[in-house]
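Inside the fold
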Amino acid sequence: VNAVADRLRLEAHTRDIPARTLSTTLTCGLVEAQTPETGTSRAVFLNVGDSAVYVLRSGEFGDVFGHDDTEIYSSVASALPGSISQVEVVVADLIPGDVVLLCTDGLSNVMRQVGVRRQLAEWWSRQPPGLAEFYWQASFRAQSYGDDRTVICMWVR
Amino acid sequence: LSSLPFSRARALLIGVGTHHTEAGLPDVASAAQSARDLASMLVRACKLEPGKITVLIDPIDPKQLGDAIADATEMADDILLIYYVGHGLVNQNGDLYLATSGTDRRLNRLGHTAFPYPTIRSYVSECGASSKIVMLDCCFSGRAINALGGVDDGRLAVVDIAGAYVLASAGGEEVAFAPAGRPHTAFSGELIKLLAEGDPTGPSVLTLDHVYGYLDRTLVAGNFPRPRRAATGGISELGVAFNPASGSRHGPANQVLVVPAPAILIGNPRLTSTPRAKEPRTQDVRDSEVDGLQVGNLEIRAVSIRGDEHRFYGEARQDAFDIWVVPRAGSSDDYAVVASVADGIGSQPNSHIGAQAACRFLRQELLERIPELLDPAYKASLSSNSRES
């Protein structure tokens with residue numbers, strides 16, 4: 001993460017713009033794509049900022065970084081390249097049937113609403129949708145939630 | 001593709017079937033119903049506004065008929081349709097006249113009791129609408145095509161009114177047919193049937209020329225006179241209705257895809273999702289990205305969608321994602337996936353660039369360390385200190 005922050009600063013220098021104008025959160029998941037004999041796939045999640053990682057298991061979303069318990073809509077989010085000391089790391093073991101969600105706060109904020117959470121759990125507990133269907137699902141509208149929305153779903157078989 | 005331009009048209013439909021004078025004409029029992037049923041198909045199939053359709057049944061004299069035509073040409077600013085069903089007559093000079101209820105067919109009275117077609121021509125040519133369609137379902141109606149300055153060869157007619165289309169139920173020397181006992185005349189009946197039921201062999205949108213081609217095919221097959229047409233400009237391709245029978249014989253390419261609007265899960269969103277123009281600085285940032293792949297035992301779907309606020313204000317999407325598949329050392333089919341999402345900080349002007357760059361840089365930095373990160377020993381090293389800097 002230090003190296004990423006360094007490279008962001010270099011990128012800013014190359015573009016001749018202040019580094020802080022590039023400020024961004026960053027959330028990453030590294031997931032094994034083959035289930036070893038143990039029956040669980042290892043995953044490592046890194047996070048700086050207010051994006052979120054969930055594991056959808058048995059119809060319930062588990063919040064990997066525990067952000068759901070923290071203050072709602074914290075106005076000062078950690079961001080790169082500034083907050084290199086605010087890195088969270090979690091290692092998780094995934095089992096077949098799990099769905100891993102990496103998403104920005106455009107989705108995680110609105111997922112605090114029970115109805116949204118239940119609808120997404122219903123859509124994504126099934127077989128993986130087609131691309132157009134997935135786009136449509138993620139395009140759902142919600143009053144007062146007009147932020148950009150990014151989500152990566154990984155179904156573990 | 002929810003509505004066709006023709007749905008904005010203004011239409012005047014005239015049906016003359018009842019004749020009063022002793023020296024008059026035989027009644028056309030199906031004229032009034034032909035005009036009325038076509039009007040209802042213009043609403044149902046062509047989606048015209050009912051308030052922009054006038055149906056005139058049995059005008060008593062040429063003044064009443066002429067006033068209605070003049071009113072329609074004055075009010076039409078986009079597309080104008082004038083339709084007439086009734087008797088067509090010809091005077092000693094070969095000019096076409098359209099009958100009113102009070103028309104006297106005797107040649108020394110025809111001129112002042114019937115409506116001269118050249119007057120319609122001049123009213124229509126003065127009309128400000130960009131597209132003007134005249135449909136005549138009467139005897140000798142092919143003369144209207146000559147009268148418009150064209151050549152009556154049924155195909156290539158040169159009309160000197162810009163954006164005009166004339167469709168006639170018969171040739172210049174032919175009579176039109178209103179079969180006894182049928183609710184509609186032959187020509188209008190086929191036209192109404194096409195709009196109601198569609199053409200299984202036709203395209204998804206019925207254009208004026210497709211309407212003509214369909215009428216030509218079905219009327220000839222029924223031993224009725226061939227219809228005639230004349231057109232200028234691109235009006236032949238004007239779509240008048242979606243073909244209700246499309247797709248019954250053709251593949252999905254001919255179907256009109258209906259995608260449901262995004263589900264509304266909370267409240268009543270105030271901003272529309274329709275994206276407005278982007279500010280020039282961020283024009284190279286796409287509204288959305290979508291990706292999907294299958295790797296080993298993982299099925300992946302990813303999407304990044306610009307929020308309604310950024311769409312409304314023409315601002316760039318500041319989110320980004322990245323998915324990278326990596327082979328583990330010493331194996332060709334053993335894979336891991338690096339997936340990342342980033343949210344550029346809204347208050348910072350270049351954060352859309354930062355978000356994309358951060359995802360890419362992190363992936364590049366991680367590649368070397370993947371075996372180490374996935375090793376069980378790494379988890380053990382974290383357990384004593386759950387945060388790393």
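Look up a bit, the structure's there.
In short, a report on the structure.

Reading the values: rules and limits
- Residues numbered from 1 in each chain as written.
- Chains lettered and ligands numbered in written order.
- Predicted model: local features only at pLDDT ≥ 70, side-chain atom pairs only at ≥ 80, totals over all residues.
- Heavy atoms only, no water.
- Pairing = 2+ DSSP bridges.
- Helix = DSSP H or I, 4+ residues; strand = E, 2+ residues; numbered from the N terminus.
- Axes fitted to C-alpha atoms, helices over the stretch in contact; angles between N-to-C directions.
- Contact = heavy atoms within 4.5 Å.
- Buried < 20%, exposed > 50% of the residue type's maximum accessible area, 1.4 Å probe, protein only.
- Polar contact = N/O pair within 3.5 Å; in protein donor to acceptor, adjacent residues only side chain to side chain.
- Core = buried A, V, L, I, M, F, W, Y, C linked by side-chain atoms within 4.5 Å.
- Phe/Tyr/Trp six-rings, centres within 6.5 Å; stacked < 30°, edge-to-face > 60°.
- Lys NZ or Arg CZ within 6 Å of the ring centre and 35° of its normal.

Quick look at the sheet that holds strand β16 (residues 335-343) of chain B now. A sheet is described by the order of its strands in space; here 5 strands give the open sequence β5(A)-β2(A)-β1(A)-β16(B)-β15(B), paired in antiparallel fashion. The outermost strands of the open sheet, each flanked by one partner alone, are β5 (88-94) of chain A together with β15 (319-327) of chain B. Mean inter-strand twist for the sheet, computed between neighbouring axes without regard to direction, equals 15°. Sheet topology places β15 of chain B next to β16 of chain B; 9 bridges connect them, and they run antiparallel. Residue F321 of chain B lies in a different strand from β16 of chain B, and its bridge partner there is V341 of chain B. Helix-sheet contacts for helix α9 (residues 351-366) of chain B involve β1 (26-32) and β2 (41-48) of chain A together with β15 and β16 of chain B, and the interaxial angle to β15 of chain B is about 20°.

Residues and elements named next belong to chain B. Counting buried positions along strand β3 (residues 79-85) yields 7 of 7 residues, so the element is predominantly enclosed. Going residue by residue along β3, you find I79, L81, Y83 and V85 tucked away on one face and L80, I82 and Y84 tucked away on the opposite face as well. Summarising the sheet, β3 and strand β7 (residues 131-137) pair through 7 bridges and their orientation is parallel. Pairing of I82 across the sheet is with V134, part of β7.

Residue and element names in this part refer to chain B. Pairing is antiparallel in the open sheet, where 3 strands are placed in the order β4-β5-β6. The open sheet is flanked by β4 (88-90) and β6 (115-116), the only strands paired with a single partner. Pairing of β4 with strand β5 (residues 96-98) involves 3 bridges; the strand directions are antiparallel. Across the sheet, residue L89 finds its bridge partner in β5, namely Y97.

Here R306 of chain B is to be found in the loop between β14 (298-305) and α8 (308-313). On the basis of relative accessible area, R306 of chain B is assigned to the buried category, the value being 3%. Side-chain polar atoms of R306 of chain B contact the backbone oxygen of E315 of chain B, separated by 2.8 Å. Among residues more than four places away in sequence, those in contact with R306 of chain B are D148 of chain A together with P275, K278, D287, S288, R311, G314, E315, A316 and R317 of chain B.

With that out of the way, let us pick up the nonpolar core. Residues and elements named next belong to chain B. Of all hydrophobic cores here, the largest spans 40 residues; its most connected members are F6, L13, L42 and I133. In this view, I133 contacts F6, I79, L80, L81, I82, Y165, L208, I235 and L238; residues no more than four positions away in its chain are not counted. Counting 34 residues, the second-largest nonpolar core is a separate cluster that includes L56, L65, Y84 and L96.

A separate point is the packing of aromatic side chains. Tallying each qualifying case throughout the model produces 6 aromatic pairs over all chains. Each ring, one from Y54 of chain A and one from F61 of chain A, has its centre 5.8 Å from the other, and the planes form 75°; the classification is edge-to-face. On the basis of relative accessibility, which here comes to 9%, the residue F61 of chain A falls in the buried class. Centre to centre, the rings of F312 of chain B and Y313 of chain B are 5.0 Å apart; their planes meet at 85°, and the pair counts as edge-to-face. Look at F312 of chain B and you get partly exposed, because its relative accessible area is 23%. On the basis of relative accessibility, which here comes to 52%, the residue Y313 of chain B falls in the exposed class. Geometry around F312 of chain B places R276 of chain B over its ring, the cationic atom sitting 4.0 Å from the centre. Above the ring of W324 of chain B, the side-chain terminus of R363 of chain B is found at 3.6 Å from the ring centroid.

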